[in-house]
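# Reading the structure
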Amino acid sequence: MKQTQQQQPQQHPHGNGVAGKGTAKGGGGEEGEEDELQPAEQKEKENAADGARSEVSSHKPWGRSFRHQICFWYATILSKYPIWLCMLMFIGVVGCGAVAFSLFDYPDFDDPIAGFEPRGTSISKRTISWRNMMNQTGTDLPLSPFPVSLPNYRPDTPNNVVVDVWGATEEPSSDTTGTQVGTGDEDFSSAGEQMPEGDFRDYGGSVNDVIEPSTFFCGNPKPMYARLVFEPIDGDTLFTVEGLHSMCQLEDKHIRRHTEFLRDCYTSEITGRCCSSWSLANYVAVLNNKTSCWDIDHSDVKHTIELLQKCSHFYRTKELPPNCTIDNLDPNCQRLPKPCTQYDAIYSILHYLVDVNFMSMEKPLNDKVQHAVTFIPVYAGNDMREIYDDKFDHKTIKDETTKVTGLYFNLKYDIFGEYLTQEVYLPALGITLVILLMWIYIGSLFITIMTIISMVMSLILAYFVYRVVLQIPFFPFMNLTTIILLVGIGADDAFVYTDLWKRTRKDHPNTPEILVVMETLRHAAVSMFVTSFTTSSAFFANAISSITSIKCFGIFAGTAILLNFMFTITWLPAVVVIYEQLFSKVFNLGKEKRESRTYLYKKKTCCDLFVDCLFKIRYTTSEWSRIFFDKILPCIVVKLRFIWLLTMGTLMFGGFCLIFLDPKIQLPTLPEFQLFESMHPFERYDFVYKDLFWFEKEKSGSLYAHMPITIVWGIKAADNGDYFDPENKGSLVYDDTFNIAHPDSQMWLMRFCSGLRNQSFYFPTPGLHVEACFIESFKKWMDSRDCTDPYSGADLAPCCKKTTFPYPASVFKKCLKEGISHLHKEFPTFFQKWKPGPRFSGENNDVVAAIVEFDSSFTFSYSYDEIYEFVSAVQAWVNKEMSTAPYGMQGGWFTSYLEFYDLQNNLARGTPIALGLAIIIATCVMFLTTQNLLISVYAILSISGTICVTIGALVLMGWQLNILESVILSVAVGLSIDFTVHYGVAYRIAPDPDRESRVVFSLARMGSAISMAALTTFVAGGLMLPSTILSYRQMGTFLMLIMVISWVYSTFFFQSLCRTIGPEGRIGQFPLPSCNCECARIHAAKIAEDSDGSNSFHSSTVPSSGESHELEPLNAYATSDYSSSGIGSSINGNNSRASPVKVRTCNHVQKTMTTTSLDHFLAVPVTISNKPSSSTASSMEVVLEGDEYITKVCPPKVPEDLIINVTVEPEPVVMPNNNPDVPDIWFPLTPEITIH
């Protein structure tokens, strides 16, 4: 079979050649045969062009680059085996997920505040060492505050199981002794008895001591009980008959009648019934000899108010102590008026039940109660769970007079995990709407669903890397917010890739699929990597934080973003190819069937009408979108650019003032971490009412407690635990250099205690404190002890007064044990584990550690500035003293109630560092992407404006810089740069040199995709607002703000800057080393253009640099460079070197045509009929041989009995071009195919 194809040259009206001139004839059929019939003159010109090109540039042709060969092979795999590739990735991800979830425990969110503490800082190391020391002190433990007979303990024995004995945040006691008290699960006294949970001074001793039988109340109200907070609805006070009756009614209806209350309430030992609640109404009743709160009247209320006015003075002056009743023989109680001590009612009402403004020091005559607490005789915790679920969960408890506005049931952390499960419908609804928006924009439900699946696989694989590869055991609940972020970022990448695929297919409809895949990836992968890398870098910047939960979140989120990019360049292209190969044909077949039915039956079915309606809506929307982004939006930006610059600049300055001047972004003021919305009754109690009642203020230390100054020797301030595991606090690390027995150490310690008392930050604590500086008490004991026992006559030497201070080391060790044992027998309460003094260990009761503690003049506060002043003053003095200490005492360190201060300090310092690091990375990436200094500077100005306005808005909304807020602010950079990167690169590679044309080009090219990406993320964030969980609401609010502000600043501020003072031509351009041959390439392109009229280019086909982006013009404004077949098309004009693309038929006949490398590939279909119904396209396969692309064209086999001579009649074909100034050209093709 012999084929002959003749090509006639065609001339473009504007002078650009359309087809190559020459004739190619098929030979006798031997493989590798080529026809070289080009004129000698043309060959000489081509050789001259090649010589000039090789002389000025060493740039390798496209096919000779190993990187480009890899791209070709990868595109081949994607186009040939997309289904197998998707199945392989899916099976791999499922396998990784199975390994991660089977070998490791599922994430546990029972303790949502786990990891909300710094690790590795100087203060955290001291705090953890102190906790470990407290945990290892007690009966049958390595350390003891007094000499005991212990088993064989080694001081260096590690303890891998460490219990947090202080809790997440230290709460100082109201006690004025200044001792550092833990609030752990176990408190050990000298005999090793187990104390109740919490601070024993809050409970007044053991549980049995708390609840004492009485005729009306079961003892006094205690913080361990559940409690309600009431507010008046219309009136201004609760201290009325109506208000008291209302509180009784609500309590009785919703709590006391519940079966769970009857089962779990504490019963009176006298009546055997549930104890009465400690409420204002019940105390009014007992003071007026009424049996219940229902019996009180106006006179009873009036009498109680008068009694409180007479006795409140004694409470305010602290003359009225707790547990002061008429029967109490304490002299302090006996000298008070008896009505003021009756039933201990006055103290209980003022201290526990009414707010601090009632008859306060500032307003002693104020008898209005705005808030009142009722203590329920049920322990707060699981005993109240059923009552909460039935009566209070998502319900408002009120009547006509009062309402319940606050709850303390100690269930806040328990129900958090359940809320996460209950509200999973919110992210599911958000994902559903995002799918709908993606479907509308992409136009394929299959691609949309597969994109969502790729996001899910990214999360699963990220979890595998997080748990299995990196071996991080802790998974904070904040990691779940990655889902919301990934939806927006993944949708953006999908829009970019599918948009480029459609554009490439539309401009080059007959180009082989492998080349379309390769070209789309070449343009899309770079920019998608830039946006993904900048966002993930912002997340990874959080890894420098000392706070465990922030560190873990940054690693997981950054890993998920990078893995999503990996799936975007592997899974998504394969999915698009599958759609093109399978679903698009089905879709087209269905369309043909609908058209056929309409033609035959002259009517449309309901389904056809519905589909047509959808297509019309989509077409109308698409047309309006095109008009808006091509015409309207550029006009708005360009015409009003000065207004935008002034407005956006003013907003940026205003946001800066809000952040740094007034009111400024505030650090957290309370140690409690907010989990739910502000109006939730649990959060109302923690953040509003804890500061309104005296017992809570006293418990938090805001009333009386002074900051202790605790100095520790013998234990190193070290944290050898796992920083990624909040439960692993490591073990004690002993200081081998510690030696307090040396005489020099004894003298120095005496001077140290004396010098501390002379400092301005020292506060003298009244009372007996023999343990504050034990060496002083020990010396007094030695100086006052006779050398002969007055009872037995035994010789007590050398532990007596004849031994002078400082004592020899052996005497010190022996006598200290004897003195501490003697003191322990007389005052056992001085030897609790948190008390200062020596610590003994081992069989010989060696002194392995020592603690000295004094009160400071600084009272406890949650204010960062006040505690900073305290820490700075004490630490400076301690460091100075330690520098002069003897060798055995130089390892001492200072600690106090500093956990919350350490958290504040890390948030204040770590957040700006992470934010600055993210900005630096974004700047570098932006410069490397655009290679233009001016565009990079304008982009950073736009990003800075976005961040300032966003954070300023959050400050006005009352946000404080807590854990989640710190993460959100550092992520702001990564999310705000994406849109600016797209616009910046589009401006940079726009075909026209002037500013306005570049702005119009970038808005028209990227405006639609950017707006859709912003809309999807905005919707995903908006659907988080109804959530009860605060972190979801905050993340949703932030995403909505950052998307709107980022879109506005990138579209109006950045583009206005570029239109006003943007670079023109190559101004501000800094080409990379790989692009230093740009002038040579342009010169070579011009030589090639002059040497061959068949390869003439529009000026826009030669870009100013060699980089490839998804934004690079695919000859959008260039004249099409078709061959005479009307099928080949130029994809870009980046490499204008004329090189042969060989077309090899299946019978091994080669035909050589001149084109411009891959970018001007020619597809040659062969047909045997000119009728559309019987036309059969030849099959083609693109292969890479050396540096050339070989296209095998296989015509269909024709039976021998059908061998005829066919002359294909020329058909008119449109030569499309995207230059709006040049009309499309119609001309006939004249190939002649002879078939024997």
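Rules and cut-offs
Residues numbered from 1 in each chain as written. Predicted model: local features only at pLDDT ≥ 70, side-chain atom pairs only at ≥ 80, totals over all residues. Heavy atoms only, no water. Helix = DSSP H or I, 4+ residues; strand = E, 2+ residues; numbered from the N terminus. Buried < 20%, exposed > 50% of the residue type's maximum accessible area, 1.4 Å probe, protein only. Pairing = 2+ DSSP bridges. Axes fitted to C-alpha atoms, helices over the stretch in contact; angles between N-to-C directions. Parallel < 35°, antiparallel > 145°, perpendicular 65-115°, else oblique. Left-handed = near helix turned anticlockwise from the far one by under 90°. Contact = heavy atoms within 4.5 Å. Salt bridge = Lys/Arg side-chain N within 4 Å of Asp/Glu carboxyl O. Disulfide = S-S within 2.5 Å. Core = buried A, V, L, I, M, F, W, Y, C linked by side-chain atoms within 4.5 Å. Expected span 1.5 Å × (residues − 1). Polar contact = N/O pair within 3.5 Å; in protein donor to acceptor, adjacent residues only side chain to side chain. pLDDT = per-residue confidence, 0-100. Phe/Tyr/Trp six-rings, centres within 6.5 Å; stacked < 30°, edge-to-face > 60°.

### Details of unusual backbone geometry
With an omega of 5 degrees, the peptide bond between D662 and P663 qualifies as cis. Structurally, P663 can be placed in the loop between α22 (641–660) and α23 (681–687). Even without a glycine there, the phi angle at N289 is positive, about 60 degrees. On the secondary structure map, N289 appears in the loop between α9 (280–287) and α10 (298–316). For H394, which is not glycine, the phi dihedral falls at a positive 55 degrees. With respect to the helices, strands and loops of the structure, H394 is situated in the loop between α14 (385–392) and β5 (402–408).

### A short note on the pairing of strand β4 (residues 372–379)
Buried residues dominate β4, accounting for seven of its eight residues. One ladder, built from six bridges, connects strand β3 (residues 225–232) with β4; its direction is antiparallel. What sits directly across from A226, in β4, is I376.

### Comments concerning the packing of helix α16 (residues 425–442) against helix α32 (residues 995–1022)
Running from N to C, α16 and α32 point in directions that differ by 165 degrees, and their axes come no closer than 9 Å. Accordingly, the angle class assigned to the pair α16 and α32 is roughly antiparallel. Seen along the crossing, α16 lies across α32 with a hand that is right-handed. Taking contact as the criterion, the partners of L433, V434, L437 and Y441 in α16 are, on α32, S1008, A1009, M1012, L1015, T1016, V1019 and A1020.

### Topic: the pattern of salt bridges
With the rule as written, the count across this model stands at 24 salt bridges. Among the ionic pairs, D297 bridges to K290, the shortest N-O distance being 4.0 Å. Since its relative accessible area comes to 31%, D297 is described here as partly exposed. Put simply, K779 and D783 hold a salt bridge, and the shortest N to O gap is 2.9 Å. Placement of both K779 and D783 in helix α26 (residues 774–784) is noted, with a separation of four residues, approximately one turn of the helix. Owing to a relative accessible area of 35%, D783 belongs among the partly exposed residues under this scheme. Through salt bridges with shared partners, a single network forms among K412, E683, D686 and K690.

### Things to note about the state of the cysteines
Under the defined criterion, the tally for this structure stands at seven disulfides. Note that C265 is cross-linked by a disulfide to C274, the S-S spacing being 1.8 Å. Its S-S torsion of approximately -60 degrees makes the covalent link between C265 and C274 left-handed. The partly exposed category is assigned to C274, whose relative accessible area is 23%. A sulfur-sulfur distance of 2.0 Å marks the disulfide that ties C799 to C815. An S-S torsion of about -95 degrees defines the bridge between C799 and C815 as left-handed.

### A short note on the nonpolar core
Counting 293 residues, the largest nonpolar core has F239, F392, F409, W713, L749 and F1038 as the members making the most contacts within it. With 19 residues, helix α20 (residues 548–601) is the single largest residue contributor to this core. If we skip the residues at most four places from it in the chain, F239 touches L244, L280, V284, V301, T304, I305, L308, F358, D367 and V369. One finds W130, L732, Y734 and I851 within the second-largest nonpolar core, a separate group that totals 13 residues.

### Some remarks on helix α30 (residues 933–956)
In this model, α30 (24 residues) spans 35 Å end to end at C-alpha, consistent with the 34 Å of a helix rising 1.5 Å per residue. With 17 of 24 residues buried, α30 lies mostly within the body of the structure. Near the N-terminus of α30, the side chain that reaches the backbone nitrogen of L934, with its oxygen 3.1 Å away, is that of N932. Count one or two residues on from α30 and you reach G958, which has phi positive near 90 degrees.

### Brief notes about the sheet that holds strand β9 (residues 893–895)
Sheet strands line up and pair through hydrogen bonds in the backbone, either parallel or antiparallel. Read across the open sheet, the four strands follow the order β7-β8-β6-β9; overall the sheet is antiparallel. Strands at the two margins of the open sheet, each flanked by one partner only, are β7 (837–841) and β9. Averaged over all pairs of adjacent strands, the angle between strand axes in this sheet comes to 25 degrees, irrespective of strand direction. Where helix α27 (residues 809–826) meets the sheet, its contacts fall on β7 and β8 (846–859), and the angle it forms with β7 comes to roughly 110 degrees. Helix α28 (residues 864–883) contacts β6 (706–713), β8 and β9 of the sheet and is inclined by roughly 30 degrees relative to β6.

### Side note on the confidence of the model for the chain
Looking at the chain, pLDDT values average 74 and 72% of them are 70 or higher. Contacts of residues 1074–1180 to residues separated by more than four positions or lying in other chains number 308 contacts, the stretch itself having pLDDT below 50. Low pLDDT, under 50, characterises residues 1201–1236; the predicted model gives this stretch 84 contacts beyond four residues in sequence or across chains.

### Concerning the packing of aromatic side chains
The final tally for this structure, using the stated rule, is 49 aromatic pairs. For the ring pair Y463 and F475, a centre distance of 5.4 Å and an interplane angle of 75 degrees mean the geometry is edge-to-face. Placement of the pair is Y463 in helix α17 (residues 445–469) and F475 in the loop between α17 and α18 (482–507), with a sequence separation of twelve residues. As far as burial versus exposure is concerned, Y463 and F475 are alike and both buried. Ring centres of F656 and F660 lie 4.8 Å apart, and the angle between their planes is 45 degrees; on these two criteria the pair is classed as tilted. Separated by four residues within a single helix, F656 and F660 lie in helix α22, roughly one turn from each other. The exposure class of F656 is partly exposed, given its relative accessible area of 40%.

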